[in-house]
Amino acid sequence: MTFREWTEWLRDLPWLLRWFPLLVVLRPIVDSLYFLKEVSPLASPPYLVGVLTPILAITALVKFRFPPFGKVDKAIMHWSIIVLLNCFFLLLYDPLSILAIEFLLKLSLPVYLFFFLRLLVRDLRDLHGILQSFLYAGIFIAAILLFEVLVNPIGVEESRGLQRIQGSFGDVVSYGMYITFAITAATYFYFSRNHLLAQNKRLILIGVVAFFGVLGLVNIHHTATYTVFLLITFLFLLFNLRKGSPSLAFAMIIIVGIAMSYFGSGIVEEKITPLIQTDLAVYSGDEDTDRLLHGRVGRWRVMLEKFSSESVPVQFFGYPLKFDYVYQFIGIGSHNDFVRMLFATGILGLILYVRLLFVVFRRNNLLGPAQRFLLYATFAALLFYSISVTPTFYAPFMYFTMAVFAYTALPENLRLQWKNREY
């Protein structure tokens, strides 16, 4: 999709839908003003966007006719019921608290966002428009990254003996997410434009994104993003071997092999080993298993032991049913999205969440090769980030993931075509 095609697509959208791709483009700027929350919550752009997003999404859901429900919609609706029920419990416990409202908006974000995107994503053109928006959002990320690397870091934190740049974002995960979005979109467009552009032209976008991606990776030192980047690269090679250009895949393998033979040992020693040295010590028997994943395993064990001592209704429906201060359990403190989901929605909610992931993933056999690659890459990012981070709590991550999920929910006659929309 060219810039002209993207702007034409934007103009074709009603205003109640057009705000979303514009928000995707501006979201890195919004997130970079995170520090303004120290002045006042009312002065924080992320907080203001967090309040306006559900208002605009629900307004669109009220105004426009929703498409017929399918299997994906039903699976997400079943999970949504338990999520919204726990949001209600939070409000009953702490009705006038800003913290409760903040958690209400974050917990319910995947719910209202998915159903809003079901209105927006009606065909392949809409999916391409949103993915293109993420690439444009990456321009700001690339500019900030270049400034931090070449001029002066804006924000630095130290972890495991390494200095990690994070701009003016809340943490390095923001950099990692946008690197993931950009490489996923770029590799997807390589496959989807197979019959529209020559291979060398399609590789230009991947080359540019890969350059900034690697530049970011070696400066943010984020294990989950390293892993996801490698997984998407592996998927790209695999799909080229099977459906695309085997010669390109073999050429990339040779180039990477030569590069690793010259620079690999230094990169591993300086950039990778400090991130996993504790895990290596555990495997060698020098550290306790609680120290795995930078101590996260020990944290999960303690938190899960406490959760298992709660009443049966709390275990089944989630911590909010306890009507107590439980924000440390249902927020990012667990550093694992499945554990957080268990605490926030109980055993029932976790089962329904895993079920909806299974329902969405099963749609892969109904997709074209390019869209199947996109779904696999999105799942790789969601699942591997979920091990050590809480991606469902990060709005940009949900923008991308729910857009892909909304596309997979389309009936077969709409998925692989562009059509005139009707509301």
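Note that the structure is a prediction, hence the values are computed from the model and not measured.

Participant: How would you sum up a nonpolar patch on the surface? Please name residues and give values.
Facilitator: A contiguous nonpolar surface patch, about 650 Å² in accessible area, is contributed by Leu146, Phe147, Val149, Leu150, Val151, Ile154 and Phe211. Considering the arrangement of structural elements, one finds Val151 in the loop between helix H6 (124–150) and strand S1 (156–159). For Val151, a relative accessible area of 59% translates into the label exposed.

Participant: If you had to explain the packing of aromatic side chains to someone new, which residues and values would you point to?
Facilitator: Tallying each qualifying case throughout the model produces 43 aromatic pairs. Judged by centre distance (5.5 Å) and plane angle (55°), the ring pair of Phe66 and Phe69 falls under tilted. Between Trp79 and Tyr353 the ring centres are 5.4 Å apart and the planes differ by 45°, which places this aromatic pair in the tilted class. In this pair, Trp79 sits in helix H4 (residues 71–93) while Tyr353 sits in helix H14 (residues 337–361), placing the two residues 274 residues apart along the sequence. Tyr353 sits in the buried class, given a relative accessible area of 5%. Among the aromatic residues, those joined into a ring-pair cluster are Tyr190, Phe191, Phe236, Phe239, Phe361, Phe373, Tyr376, Phe379 and Phe405. Sitting over the ring of Phe189, Arg193 keeps its end group 4.3 Å from the ring centre. The aromatic ring of Tyr190 is capped on one face by Arg202, whose charged end is 4.4 Å from the ring centroid.

Participant: Just give me the short version of the pattern of salt bridges, but keep the residues and values in it.
Facilitator: Counted by the stated rule, this structure contains 8 salt bridges. The salt bridge partner of Arg125 is Asp12, with a shortest N-O separation of 2.9 Å. Separated by 113 residues along the polypeptide, Arg125 in helix H6 and Asp12 in helix H1 (residues 3–12) bring together distant segments of the chain. Linking Asp31 and Arg27 is a salt bridge whose minimum nitrogen-to-oxygen distance equals 2.9 Å. Remark: Arg27 and Asp31 occur in helix H2 (residues 15–32); sequence separation between them is 4 residues, near one turn of the helix. By relative accessible area, Arg27 is classed as buried at 7%.

Participant: Describe the side chain of Thr401, naming the residues involved and giving the relevant values.
Facilitator: You can see Thr401 is positioned in helix H16 (residues 395–408). Using a relative accessible area of 1% as the deciding quantity, one classes Thr401 as buried. A polar atom in the side chain of Thr401 sits 2.9 Å from the backbone oxygen of Phe397. Residues within four places of Thr401 in sequence aside, it is in contact with Thr378 and Leu382.

Participant: Tell me about the nonpolar core, and name the residues and values.
Facilitator: By size, the foremost hydrophobic cluster in this structure holds 125 residues, and its most contacted members are Phe20, Leu117 and Ile330. The biggest single contributor to this core is helix H7 (residues 173–192), with 14 residues. Ignoring anything within four residues of it in the chain, the contact list for Phe20 reads Leu113, Phe116, Leu117, Leu120, Ile130 and Tyr399.

Participant: Tell me about the side chain of Thr225, and please be specific about residues and values.
Facilitator: Among the structural elements, Thr225 can be located in helix H9 (residues 223–242). Classification of Thr225 by relative accessible area gives buried; the value is 1%. At a separation of 2.7 Å, a polar atom in the side chain of Thr225 contacts the side chain of His222. What Thr225 contacts, discounting residues up to four positions off in sequence, is Gly176, Ile179, Thr180, Leu217, Ile220 and Tyr385.

Thresholds, definitions, all that
- Residues numbered from 1 in each chain as written.
- Predicted model: local features only at pLDDT ≥ 70, side-chain atom pairs only at ≥ 80, totals over all residues.
- Heavy atoms only, no water.
- Patch = residues over 30% accessible without salt bridge, like charges linked within 9 Å, V, L, I, M, F, W, Y side chains within 5 Å.
- Areas by Shrake-Rupley, 256 points an atom, 1.4 Å probe, with all protein chains shown as cover.
- Salt bridge = Lys/Arg side-chain N within 4 Å of Asp/Glu carboxyl O.
- Helix = DSSP H or I, 4+ residues; strand = E, 2+ residues; numbered from the N terminus.
- Buried < 20%, exposed > 50% of the residue type's maximum accessible area, 1.4 Å probe, protein only.
- Phe/Tyr/Trp six-rings, centres within 6.5 Å; stacked < 30°, edge-to-face > 60°.
- Lys NZ or Arg CZ within 6 Å of the ring centre and 35° of its normal.
- Polar contact = N/O pair within 3.5 Å; in protein donor to acceptor, adjacent residues only side chain to side chain.
- Contact = heavy atoms within 4.5 Å.
- Core = buried A, V, L, I, M, F, W, Y, C linked by side-chain atoms within 4.5 Å.

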